Amino acid sequence: MYRKAPRIARILTCAVAVPALLVVAGCSSDSGSGSGSDGGKKDAGAQQQQKKPSAPPTVAAAKFAALPDACKALKKDTVEGLVPKADKAEGTADESSDPQSRRGCSWGGLDDKGVKGSQYHYLTYSLQLFESNQALGSGEKRATEYVTKQVNKVQGKEGVKDVRANPAEGIGDQASTIGYGAREAGTDFNHAVVVARTGNVVVTLDYNGAGYAGTKAPDPADLLKGAQTATKEVVASVAAANK
């Protein structure tokens, strides 16, 4: 009996200890599993937030939504002063497949002074409206890019000579002038071109002339002055059309 007592005591002690260890292990297992599950959910949520695409930047709305009647963008007196004896006082409107975004008008006239010779004047301009586009950018940005293209286009014309290009102030939001000479149909012409932007609209105006019967072509300085005056009126008509 004395030998069995210690052995029984040890067996009872182990029997009590084993369930206790199982309980501790079970609690540890449950705790770790729960923690891992919550951590996984948090990581998945963080990854989803990182992968969520950001909204594209908002494009500013265009300043102007409409173009004026091109042939009424200039005052009658202005046309008569720049193009004496115009063939059509009301002007000739450009044909456009999209008049909502592009319009233009032109006048031509021969001022015959008899034995003193004659001078021919021609005035033409176009108006281009650019709408804001999520993919292409704001109307103002697109118009600004178009100004550069137009200036380069005029300067790069075949056969032009004595090209003079300069920035101009006081005409819309930005403007450039280009003066040049060219021989057209056997006659020397002088040109004064103004490319101006007002908001999201670009005005490209060309005022030119030639001399006949011994008369010289119109003075380049006079053409430039007339072109700038006319462009300012056209720019003002854009604002008036959008009131």
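Summarised in this report is the structure supplied together with it. (Residues numbered from 1 in each chain as written. Predicted model: local features only at pLDDT ≥ 70, side-chain atom pairs only at ≥ 80, totals over all residues. Heavy atoms only, no water.)

### Quick word on the nonpolar core
Counting residues in hydrophobic clusters, the biggest one holds 31 residues, and the most contacted among them are Leu 74, Trp 107, Leu 123, Tyr 125 and Leu 127. Elements supplying a minimum of two residues to this core: helix H2 (76–82), strand S2 (102–112), strand S3 (118–129), strand S6 (187–198), strand S7 (201–212) and helix H4 (220–241). Broken down by element, the residue count for this core peaks at six residues, all from H4. Residue contacts for Tyr 125: discarding those within four places in its chain leaves Ala 70, Cys 71, Ala 73, Leu 74, Asp 94, Arg 103, Gly 104, Cys 105, Trp 107, Thr 204, Leu 205 and Val 234. Grouped together as the second largest cluster of nonpolar side chains are eleven residues, Phe 130, Ala 143, Tyr 180 and Val 202 included. (Core = buried A, V, L, I, M, F, W, Y, C linked by side-chain atoms within 4.5 Å. Buried < 20%, exposed > 50% of the residue type's maximum accessible area, 1.4 Å probe, protein only. Helix = DSSP H or I, 4+ residues; strand = E, 2+ residues; numbered from the N terminus. Contact = heavy atoms within 4.5 Å.)

### Quick look at the environment of Ala 210
By the secondary structure assignment, Ala 210 is in strand S7. Classification of Ala 210 by relative accessible area gives buried; the value is 0%. In this structure the C-alpha to C-alpha distance between Ala 210 and Tyr 120, which are 90 residues apart in sequence, comes to 5.2 Å. Not counting residues up to four positions away in its chain, the partners in contact with Ala 210 are Ser 118, Gln 119, Tyr 120, Thr 187, Asp 188, Phe 189, Ala 217 and Pro 218.

### Some words on the pattern of salt bridges
Tallied over the entire structure, the rule returns six salt bridges. Between Lys 141 and Glu 145 there is a salt bridge; the shortest N-O distance is 2.8 Å. Of this pair, Lys 141 and Glu 145 both sit in helix H3 (residues 139–155), four residues apart, which is roughly one turn of that helix. A relative accessible area of 38% means that Glu 145 is categorised as partly exposed. Asp 188 serves as the salt-bridge partner of Arg 183, at 2.9 Å between the closest nitrogen and oxygen. Its relative accessible area of 39% is what places Asp 188 among the partly exposed residues. (Salt bridge = Lys/Arg side-chain N within 4 Å of Asp/Glu carboxyl O.)

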